[in-house]
Amino acid sequence: MKKRAVFLDRDGTINRDVGYPDSYSLIDIFPYSYEAVRKINQAGLLAVITTNQSGVGRGLIKEDNLQDIHRQMKAAFDRQGARLDGIYYCPHYLFSKLPEYKKDCSCRKPFPGMALQAAAELNIDLPNSYLVGDKVEDILFGLNIQARPILVLTGYGRQSITKLKQQGINPAHIASNLLEAVEWIIAEEKTKI
Ligand SMILES: [Mg+2]
Ligand SMILES: [Zn+2]
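Fair warning: this is a prediction, and the values are worked out from it, not measured in the lab.

Turning to the overall build of the chain, a few remarks are in order. Per the secondary structure count, the chain includes six helices and six strands. Taken against the 2.2 N^0.38 rule, which gives 16 Å for 193 residues, the C-alpha radius of gyration of the chain at 16 Å falls within 12% of a compact globule. A principal-axis box enclosing the C-alpha atoms of the chain has dimensions of 50 × 40 × 35 Å. Counted over contacts in the chain with a minimum sequence separation of 6, partners at least 24 positions apart contribute 67%. A total of about 9,400 Å² of accessible surface is found on the chain, and carbon and sulfur atoms cover 50% of it.

The coordination sphere of the zinc ion (ligand 2), as far as protein atoms go, consists of C90 (SG), H92 (ND1), C105 (SG) and C107 (SG), spread over 2.0 to 2.3 Å. Its four donor atoms give the zinc ion (ligand 2) angles of 104 to 119 degrees at the centre, a pattern that matches the tetrahedral case.

We now examine the environment of F7. The residue F7 is located in strand β1 (residues 5–8) in this model. Of the residues examined, F7 reaches a relative accessible area of 0% and is grouped as buried. Sequence-wise, F7 and F141 are 134 residues apart; in three dimensions their C-alpha atoms are separated by 9.9 Å. Excluding its chain neighbours within four sequence positions, the residues that come into contact with F7 are V48, T50, A115, A118, I124, L126, S129, Y130, L131, V132, F141 and I145.

Remark: helix α1 (residues 33–42) packs on helix α6 (residues 178–192), axes separated minimally by 8 Å, with the N-to-C direction vectors making an angle of 20 degrees. Of the possible angle classes, the one that applies to α1 and α6 is roughly parallel. Seen along the crossing, α1 lies across α6 with a hand that is left-handed. Contacts between α1 and α6 involve S33, E35, A36, K39 and I40 from the first element and L178, L179, V182, E183 and I186 from the second. Per-class residue counts for the contact of α1 with α6 are six nonpolar, one polar and three charged.

Following the criterion strictly, the structure yields four aromatic pairs and no others. Arranged with centres 6.3 Å apart and planes meeting at 80 degrees, the rings of F7 and F141 form a pair that is edge-to-face. With F7 in strand β1 and F141 in helix α4 (residues 136–144), this pair connects stretches of sequence that are 134 residues apart. Residues Y34 and F77 carry aromatic rings whose centres are separated by 4.7 Å and whose planes lie at 45 degrees to one another, so their mutual orientation is tilted. Pair noted here: Y34 is in helix α1 and F77 is in helix α2 (residues 63–79), with a separation of 43 residues, a long-range link.

Glancing now at the environment of K103. Structurally, K103 can be placed in the loop between β3 (86–90) and α3 (113–122). Sequence separation between K103 and I40 is 63 residues, and the spatial gap between their C-alpha atoms is 33 Å. Among residues more than four places away in sequence, those in contact with K103 are H92, Y93 and L94.

Our focus in this paragraph is the coordination of the magnesium ion (ligand 1). Around the magnesium ion (ligand 1), the donor atoms from the protein are D9 (OD), D11 (O) and D134 (OD), and they sit 2.1 Å away. On the primary sequence, the residues serving as donors to the magnesium ion (ligand 1) are separated as D-x1-D-x122-D.

Of all seven residues in strand β2 (residues 46–52), seven are buried; the element is thus mostly enclosed. Here β2 shows no split at all, with L46, V48, T50 and N52 on one side and A47, I49 and T51 on the other all buried. Note: β1 against β2, four bridges, orientation parallel. The partner of F7 across the bridge, within β2, is V48. Read from β1 through α1 to β2, the crossover connection turns out right-handed. For β2 and β3, the ladder comprises five bridges, and the chain directions are parallel. Looking across to β3, one finds that T51 is bridged to Y89. Since β2 and β3 lie parallel, the crossover through α2 that links them has a hand, and here it is right-handed.

Cut-offs used in this document
Residues numbered from 1 in each chain as written. Chains lettered and ligands numbered in written order. Predicted model: local features only at pLDDT ≥ 70, side-chain atom pairs only at ≥ 80, totals over all residues. Heavy atoms only, no water. Helix = DSSP H or I, 4+ residues; strand = E, 2+ residues; numbered from the N terminus. Rg over C-alpha atoms; globule rule 2.2 N^0.38 Å. Contact = heavy atoms within 4.5 Å. Areas by Shrake-Rupley, 256 points an atom, 1.4 Å probe, with all protein chains shown as cover. Donors = N, O, S within 2.8 Å, 3.2 Å for Na, K, Ca; no water. Tetrahedral: all angles 85-135°; square planar, octahedral: opposite > 155°, others 65-115°. Buried < 20%, exposed > 50% of the residue type's maximum accessible area, 1.4 Å probe, protein only. Axes fitted to C-alpha atoms, helices over the stretch in contact; angles between N-to-C directions. Parallel < 35°, antiparallel > 145°, perpendicular 65-115°, else oblique. Left-handed = near helix turned anticlockwise from the far one by under 90°. Nonpolar A, V, L, I, M, F, W, Y, C, P; charged D, E, K, R; others polar. Phe/Tyr/Trp six-rings, centres within 6.5 Å; stacked < 30°, edge-to-face > 60°. Pairing = 2+ DSSP bridges. Right-handed = clockwise from strand over helix to strand, strands pointing away.

Set out below in structure tokens:
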């Protein structure tokens, strides 16, 4: 049977958005994020990070360092009894000086590539999944994969409300932060049973 997932944006949703962090020491995880991921785990949903990391293509972050950040994040969540089921990133940048990252790719949100890869690898039922993020491209990514997108007001969330209104795009829900978003998802799940 296919599994359902909560796709999680990283910067501005799970941790403070400080702009192109290239070491784990710069990753400031919001204190409630551990509980949010534990609740996703307990609800029987997968917790899958999907993050645009054009800093790699821009030459600001080495891909090895990005992978090290993700290993350490996963370990930090593990220590708190919270399981991240997958971490997917897009390292590309259209104007990159590094040929391996110079790509007009289909994995940069709002394009669906990261979710399609996760769905194939983790057997995910995308139309019954959720997305939580703080930017317009997160909400569009959620809509593109036919999942239910939830905007959080951390990170760029407040600016995104205005942009979404201007563009006539409606998230399924707006939550003050990731924990409240997950609590809303769990309440929605209960209405299905
Ligand atoms: Mg973000
Ligand atoms: Zn990409």
